[in-house]
Amino acid sequence: MPQRLKNDKLRNVAIIAHVDHGKTTLVDGLFRQSGLFRADQQVDERLMDTLELERERGITIAAKNCSVKWKGVRINIIDTPGHADFGGEVERALSMADGAILLVDASEGPLPQTRFVLKKALDAGLKLLVVINKIDRKDARPDEVLDEIYDLLIDLDATEEQLEFPLLYAIGREGIAQKTLEETGENLHGLLDTILEQIPGPSFEAGAPFQMLVSDLGYSDYMGRLAIGKIFNGTAKSRDSLVCLGEGGQTVDLKISKLQTYDGIRLKDAHEVHAGDIVVLAGIENVKIGDTICNRDSPCALPRIRVDKPTVRMKFAINDSPLGGSEGKYVQLNRIRDRLVKETLKNVAIQVEEDGDQESILVKGRGEFQLAILVETMRREGYEFSVGRPEVIYRYREGQRLEPIERLLVDCEEQFMGLVTEKLSLRKGRITNLVNNGTGRVRIEFSIPTRSLIGYRDEFLTDTRGTGILNSLFDGYEPFRGDCPSRFTGSIVADRPGHAVAYALFNLEPRGRLFITPGAMVYEGMIIGEHNRTQDIEVNATKEKKLTNMRAAGKDDNVILSPIKPMTLEQAISFIREDELVEVTPLSIRMRKAVLSSQKRHILRSVQLKEKALS
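The present account deals with the structure reproduced in this document. (Residues numbered from 1 in each chain as written. Predicted model: local features only at pLDDT ≥ 70, side-chain atom pairs only at ≥ 80, totals over all residues. Heavy atoms only, no water.)

## Notes on the overall build of the protein chain
Link 1 in the chain: When you go through the protein chain residue by residue, the secondary structure sums to 15 helices and 37 strands.
Link 2 in the chain: Relative to the globule expectation of 25 Å for 615 residues, the C-alpha radius of gyration of the protein chain, 27 Å, shows essentially globular dimensions.
Link 3 in the chain: With the C-alpha coordinates of the protein chain rotated into their principal frame, the extents come out at 95 × 60 × 60 Å.
Link 4 in the chain: In the protein chain, which comprises 615 residues, the share counted as buried stands at 53%.
Link 5 in the chain: For the protein chain, restricting intrachain contacts to residue pairs at least 6 apart in sequence, the fraction spanning at least 24 positions comes to 72%.
Link 6 in the chain: As displayed, the protein chain has an accessible area near 29600 Å², and 48% of this comes from carbon and sulfur atoms.
Link 7 in the chain: Distance between charge centres in the protein chain, computed from 85 positive and 93 negative side chains, equals 4 Å. (Helix = DSSP H or I, 4+ residues; strand = E, 2+ residues; numbered from the N terminus. Rg over C-alpha atoms; globule rule 2.2 N^0.38 Å. Buried < 20%, exposed > 50% of the residue type's maximum accessible area, 1.4 Å probe, protein only. Contact = heavy atoms within 4.5 Å. Areas by Shrake-Rupley, 256 points an atom, 1.4 Å probe, with all protein chains shown as cover. Lys, Arg positive; Asp, Glu negative; His and termini not counted. Charge placed at Lys NZ, Arg CZ, Asp CG, Glu CD.)

## Topic: a negative patch on the surface
Link 1 in the chain: Residues D143, D147, D151, E182 and E183 make up a contiguous surface patch of negative charge.
Link 2 in the chain: In this structure, E183 sits in the loop between β8 (176-178) and α7 (189-198). (Patch = residues over 30% accessible without salt bridge, like charges linked within 9 Å, V, L, I, M, F, W, Y side chains within 5 Å. Salt bridge = Lys/Arg side-chain N within 4 Å of Asp/Glu carboxyl O.)

## What about unusual backbone geometry?
Link 1 in the chain: Positive phi outside glycine occurs at D157, with the angle close to 60°.
Link 2 in the chain: Residue position: D157 is located in the loop between α5 (142-155) and α6 (160-163).
Link 3 in the chain: Given a relative accessible area of 64%, D157 falls into the exposed group.
Link 4 in the chain: Although it is not a glycine, K428 sits at a positive phi angle of roughly 70°.
Link 5 in the chain: Examined against the element boundaries, K428 turns out to sit in the loop between α10 (417-426) and β27 (430-436).
Link 6 in the chain: Residue classification places K428 among the partly exposed residues on the basis of a relative accessible area of 29%.

## Side note on helix α8 (residues 333-346)
Each α-helix turn comprises 3.6 residues. Residues three or four places apart therefore point the same way.
Link 1 in the chain: Across its 14 residues, α8 extends 21 Å between first and last C-alpha, which sits within 8% of the 20 Å expected from 1.5 Å per residue.
Link 2 in the chain: Listed as buried for α8 are L333, I336, R337, R339, L340 and E343. An end-on view of α8 places all buried positions within 165° of arc, on one side of the element. Residues of α8 that are exposed and point more than 90 degrees away from the buried face comprise N334, D338 and K342.
Link 3 in the chain: Turning to α8, the residues buried within the fold contact β20 (312-317), β21 (351-354), β22 (360-365), α9 (368-380) and β23 (385-388). (Expected span 1.5 Å × (residues − 1). Arc of directions from axis to C-beta.)

## Things to note about the side chain of K127
Link 1 in the chain: With respect to the secondary-structure elements, K127 resides in strand β6 (residues 127-133).
Link 2 in the chain: Buried and unpaired, K127 has E161 as its nearest opposite-charge partner, separated by 4.8 Å.
Link 3 in the chain: If sequence neighbours within four positions are ignored, K127 has contacts with D98, G99, A100, E164, P166, Q198, I199 and P200.

## Observations regarding the packing of α8 against α9
Link 1 in the chain: Close contact between α8 and α9 brings their axes to 12 Å; oriented N to C, the two are set at 125°. Between α8 and α9, the angle is such that the two are oblique. In this structure, α8 meets α9 at a crossing whose hand is right-handed. On the side of α8, the interface is formed by I336, R339, L340 and E343, while α9 contributes L374, T377 and M378.
Link 2 in the chain: Residues of the contact of α8 with α9, tallied by class, amount to 4 nonpolar, 1 polar and 2 charged. (Axes fitted to C-alpha atoms, helices over the stretch in contact; angles between N-to-C directions. Parallel < 35°, antiparallel > 145°, perpendicular 65-115°, else oblique. Left-handed = near helix turned anticlockwise from the far one by under 90°. Nonpolar A, V, L, I, M, F, W, Y, C, P; charged D, E, K, R; others polar.)

## Topic: the pairing of strand β7 (residues 167-171)
Link 1 in the chain: The buried count for β7 comes to 4 of 5 residues, which makes it a mostly enclosed element.
Link 2 in the chain: Where β7 and β8 come together, 3 bridges link them in antiparallel fashion. For A170, the partnering residue across the bridge sits in β8 and is A177.
Link 3 in the chain: Where β7 folds back on β8, the antiparallel hairpin that results is connected by 4 residues, among which G175 adopts a positive phi of roughly 70°. (Pairing = 2+ DSSP bridges.)

## Details of the pattern of salt bridges
When their charged atoms lie close together, side chains carrying opposite charge are able to pair.
Link 1 in the chain: Scanning the model with the defined rule gives 40 salt bridges in all.
Link 2 in the chain: Between E583 and R590 there is a salt bridge, with its nearest N and O atoms 2.7 Å apart. Each member of the pair E583 and R590 is classed as buried.
Link 3 in the chain: Three or more residues are tied together by salt bridges with common partners; here these are D536, R577, D579, E580 and K593.

## Regarding α10
Link 1 in the chain: When we look at burial in α10, the residues that qualify are V420, T421 and L424. The buried side chains of α10 occupy one side of the element, clustering within an arc of 95° when seen end-on.
Link 2 in the chain: As for α10, its buried residues are in contact with β26 (400-413), β27, β28 (441-449) and α12 (457-463).
Link 3 in the chain: K428 sits one or two positions beyond α10 and adopts a positive phi of about 70°.

## Focus on the nonpolar core
Link 1 in the chain: Core analysis: the largest hydrophobic core is formed by 41 residues, its most contacted members being L118, I132, I149 and L153.
Link 2 in the chain: Apart from the residues lying within four places of it in its own chain, the contact partners of L118 are I16, L102, L128, L152, L153 and L156.
Link 3 in the chain: If you look at the next biggest cluster of nonpolar residues, it comprises 29 residues, including V312, A372, A572 and M591. (Core = buried A, V, L, I, M, F, W, Y, C linked by side-chain atoms within 4.5 Å.)

## Thoughts on the packing of aromatic side chains
Link 1 in the chain: Under the definition given, this model contains 7 aromatic pairs.
Link 2 in the chain: Judged by centre distance (5.4 Å) and plane angle (25°), the rings of F316 and F385 are stacked. Residue F316 is located in strand β20, and its partner F385 is located in strand β23; the two are separated by 69 residues in the primary sequence.
Link 3 in the chain: According to the relative accessible area criterion, F316 is buried, its value standing at 0%.
Link 4 in the chain: The class of F385 is buried, set by a relative accessible area of 0%.
Link 5 in the chain: Ring geometry for Y394 against F480: centres 5.9 Å apart, planes inclined by 75°, an arrangement best described as edge-to-face. Pair noted here: Y394 is in the loop between β24 (391-392) and β25 (395-397) and F480 is in the loop between β29 (469-479) and β30 (490-494), with a separation of 86 residues, a long-range link. (Phe/Tyr/Trp six-rings, centres within 6.5 Å; stacked < 30°, edge-to-face > 60°.)

## Some remarks on the sheet that holds strand β14 (residues 251-255)
Within a beta sheet, neighbouring strands are joined by backbone hydrogen bonds and run either parallel or antiparallel to one another.
Link 1 in the chain: Within the open sheet, the 8 strands sit side by side as β14-β13-β19-β10-β11-β18-β15-β16. Their pairing is antiparallel. A single partner strand is all that each edge strand has here, and the edge strands are β14 and β16 (266-269). On average, each strand axis in the sheet is inclined to that of its neighbour by 40°, with strand direction left out of account.
Link 2 in the chain: Note: strand β13 (residues 241-245) against strand β19 (residues 292-295), 4 bridges, orientation antiparallel. Bridged to V243 within β19 is C294.

In structure tokens, the structure reads:
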């Protein structure tokens, strides 16, 4: 039995937290108090939110690494996303960790996304450290939240050792951590000390050859493709000759051109790296996440990173509308396909497949939010294309159709409970738990099909007047629960090209909610509003008021239109039906019918009705 040793000069720690529980703010405090910055140095807030979309939305989308030094030990901090749609990021990030900090809000307690990441951490056998954050909130209930954490761990089959976790209380915004609620904390030194004491250093096999698991990829204009991962065994030096083992066992020779390790949020060059280090390696082009980089003389692959299969798919195609190609930089299908394939190299949860019609591409992911983030990212890079409505991916077992099910947690005021429950029941949701703490708000847990949640989030916010909180988590596959309505309204569709006129829009307002303003370009088949009734309606948005040479008895009334709230990308994607598309350009988001011609749509509808009658 080979002897296993520990590298006590290192700690690799992942931080697990739900969205908006204070994870990024706490990491900022660790940076400042570990001596990473000078006392008078001006530093931005939320340093780990490096992506523009992360700063805008206040969420972590991509897992990232950084490090701090404390009492001569380097602590590598692995920032994990708090949203279950980015589960692929979570799984590859946890492959580099030896311990995890579970950060929970003192009022909200552990929520579904916390459950998802925590389950992955427990399965990986990571040592847990629990921090109950925001204990200064007026509605904080730390003792009850601690009981909920124990209940969650027991529900997730945690071991006895994992249940005996060290506990700290924190106010991340003020940079304070303390061991009890009674004491008055001054800094985060207690948290840093607890990490050193409780989280084990990375273990390795004595005398074993070099082995590194590739957990992330990067790119540098100067060094080319970068492989990022944790060294499980051995040491390596710059200019060493190594080999990369792919999924099928194929080998690619490589020579390390540069070695780097994390120093704060930046990288620094390293001449030699050791077991346990999280390193960035340059010098190989054909590398994928999950590959093993090892010694050429004794190649031995590590277990590959495996991620859960996608549950939602979306169709990407070129923008063939009359306004297509006028705003985007990259509009060809080949350019769109290359960009999507590039995304699969960095995001293991995304899959790209050719569609049968050769004019579109199928992209599979964990959820509609993950796909919406991908669309928004491409849009900002100058791509122009169209996307269809997200569809769930069904599975079949012994002739039975299975569909993905979500565990949905609703937090709303008592007065809205009846309305929310009624609408989710229509969407085949089943109540599994209901908690009323007597605070005026209730927590309801549902089991509901994934397809039922597509398009519901905006409706939920409207029903709860913006005060409700909705969180969901993938909960496996179950038998198909039957058809349910996706949208109770139709679309207002333009029947001719031109510029929208205020007079025409004013007369259309009683028909429903409009999405465009006067002067906007419209074309046949473009969706310009939401109809009050279930069926679609075709309208002339370019109609002008007829003028005569007769003098009016009184002054004409001024046309005053209701304010238009622009559709966001997520709202547009969740609004459209199966026969509709979202036209995405760097400057605009429009909705349209997949078949633009009104006449062709009528013919197609007639054919479908005949086929349905015959079947």
